[in-house]
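If you want the building blocks of each chain, they are given just below.
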Amino acid sequence: MAGTFTGKVALVTGGASGIGRAAAIRLAQEGARVFVADLNLAGAEAVVAEIAAAGAVAPASAVQVDVVDHAGNQAMVAAVIAAAGRLDVAFLNAGYYGAAEGLDSIDEELFDRLIAINLKGTFNGIKAVQPVIADGGAVVVTASAAGVVGHPGNPAYSAAKHGIVGLVKSCVDAFAARGARINAICPGGVETPLIGAPDVAIVPSADLPRVPNRGMGRAQHVAEVALWLASPAAGFVNGQAQILDAALLSTFAPVMLPVGP
Ligand SMILES: NC(=O)c1ccc[n+]([C@@H]2O[C@H](COP(=O)([O-])OP(=O)(O)OC[C@H]3O[C@@H](n4cnc5c(N)ncnc54)[C@H](O)[C@@H]3O)[C@@H](O)[C@H]2O)c1
């Protein structure tokens, strides 16, 4: 996809780390002017420096945002429009998993936090980008495999990600009215700091297809799907919750459990 996003302006939330970082780097490689937004400003600035050091054709910029804050999302998008004059791609990807508390141990405070960052944060981002997204533009939102099946190990996270899928499907018409698309991605397990793995380098292209069946993915595996959904090649794909999980969810019972007494 060389130069797929040349002349385009892209915003990536959660861009300081993991999937967002990989997507920001790949969007810049494809010619986009990238705004790397994150609560972690130093991390976002480090990704911007990484993009500049790689010789990007368009300058990247860092923006600090707490996606939980409605006004902060509006300010983030206003900063993009003020600096670049347009917004073609929004990858609303910031998220939080926490310590994976099951129903027995999760409390109201953690439930509220998981919903606030993952679901309300996505709502805030969608509300901010919809009025300005360019004709022909695309929004990609990061849900999760836990957004299409239940996750007993982290029910609040799963509820938030299910909510994201419903939100995306419900916003199709509002974006279509602007000539833009919106889709969700639902990754399975991905090696990123979210689940305690170190951030990893961009994968050599020869290694990209080498994912074991039902195994963990790399941040770039998810980024590549996000880029494709944001690209004109996916122009007929809209309102979808695209699963990418190396077949994690493809069968009813991957491991046969003993039944009955
Ligand atoms: N890693 C996985 O296994 C996995 C699987 C499915 C979905 N996801 C989703 O992918 C997205 C990216 O996660 P990742 O795995 O790259 O994790 P990550 O921890 O590497 O990156 C998440 C980024 O979001 C930022 N962030 C967190 N709260 C924020 C807030 N309130 N405002 C702004 N930024 C905030 C963090 O600072 C961080 O840079 C998340 O939405 C996550 O739920 C991850």
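Before any of the text, the structure's been laid out above.
Residues numbered from 1 in each chain as written. Predicted model: local features only at pLDDT ≥ 70, side-chain atom pairs only at ≥ 80, totals over all residues. Heavy atoms only, no water.

Engineer: Would you explain the side chain of Asn 124 in this entry?
Structural biologist: Tracing the chain through its elements places Asn 124 in helix α4 (residues 108-129). For Asn 124, a relative accessible area of 0% corresponds to the buried category. Side-chain polar atoms of Asn 124 contact the backbone oxygen of Val 68, separated by 3.0 Å. Sequence-distant contacts of Asn 124, that is, excluding residues within four places in its chain, are made with Val 67, Val 68, Asp 69, His 70 and Asn 73. (Helix = DSSP H or I, 4+ residues; strand = E, 2+ residues; numbered from the N terminus. Buried < 20%, exposed > 50% of the residue type's maximum accessible area, 1.4 Å probe, protein only. Polar contact = N/O pair within 3.5 Å; in protein donor to acceptor, adjacent residues only side chain to side chain. Contact = heavy atoms within 4.5 Å.)

Engineer: Help me understand the site of the ligand in this model?
Structural biologist: In the vicinity of the ligand, 27 residues are found, and the nearest of them are Ser 17, Ile 19, Asp 38, Tyr 157 and Thr 192. Here an oxygen atom of the ligand sits 2.6 Å away from a polar atom, N or O, in the side chain of Ser 17. In the environment of the ligand, a nitrogen atom lies 3.3 Å from a nitrogen or oxygen atom belonging to the backbone of Leu 39. Taken together, the elements giving at least two residues each to the shell around the ligand come down to α1 (18-29) and α5 (155-170). When the residues that make up the shell around the ligand are grouped by side-chain class, the tally is 14 nonpolar, 10 polar and 3 charged. (Near = heavy atom within 4 Å. Nonpolar A, V, L, I, M, F, W, Y, C, P; charged D, E, K, R; others polar.)

Engineer: Honestly, the pairing of strand β3 (residues 61-64) in this entry has me stumped. Any pointers?
Structural biologist: Within a regular strand, side chains alternate between the sheet's two faces. Residues Ser 61 and Val 63 point to one face of β3 and are all buried, whereas Ala 62 and Gln 64, pointing to the other face, are not buried. Looking at chain direction, strand β2 (residues 33-38) and β3 are connected through 4 bridges and run parallel. Within β3, the position partnered with Asp 38 by the bridge is Gln 64. What joins β2 to β3 is helix α2 (residues 41-53), and the crossover it makes is right-handed. (Pairing = 2+ DSSP bridges. Right-handed = clockwise from strand over helix to strand, strands pointing away.)

Geometric descriptors of this kind do not, in isolation, establish any biological role.
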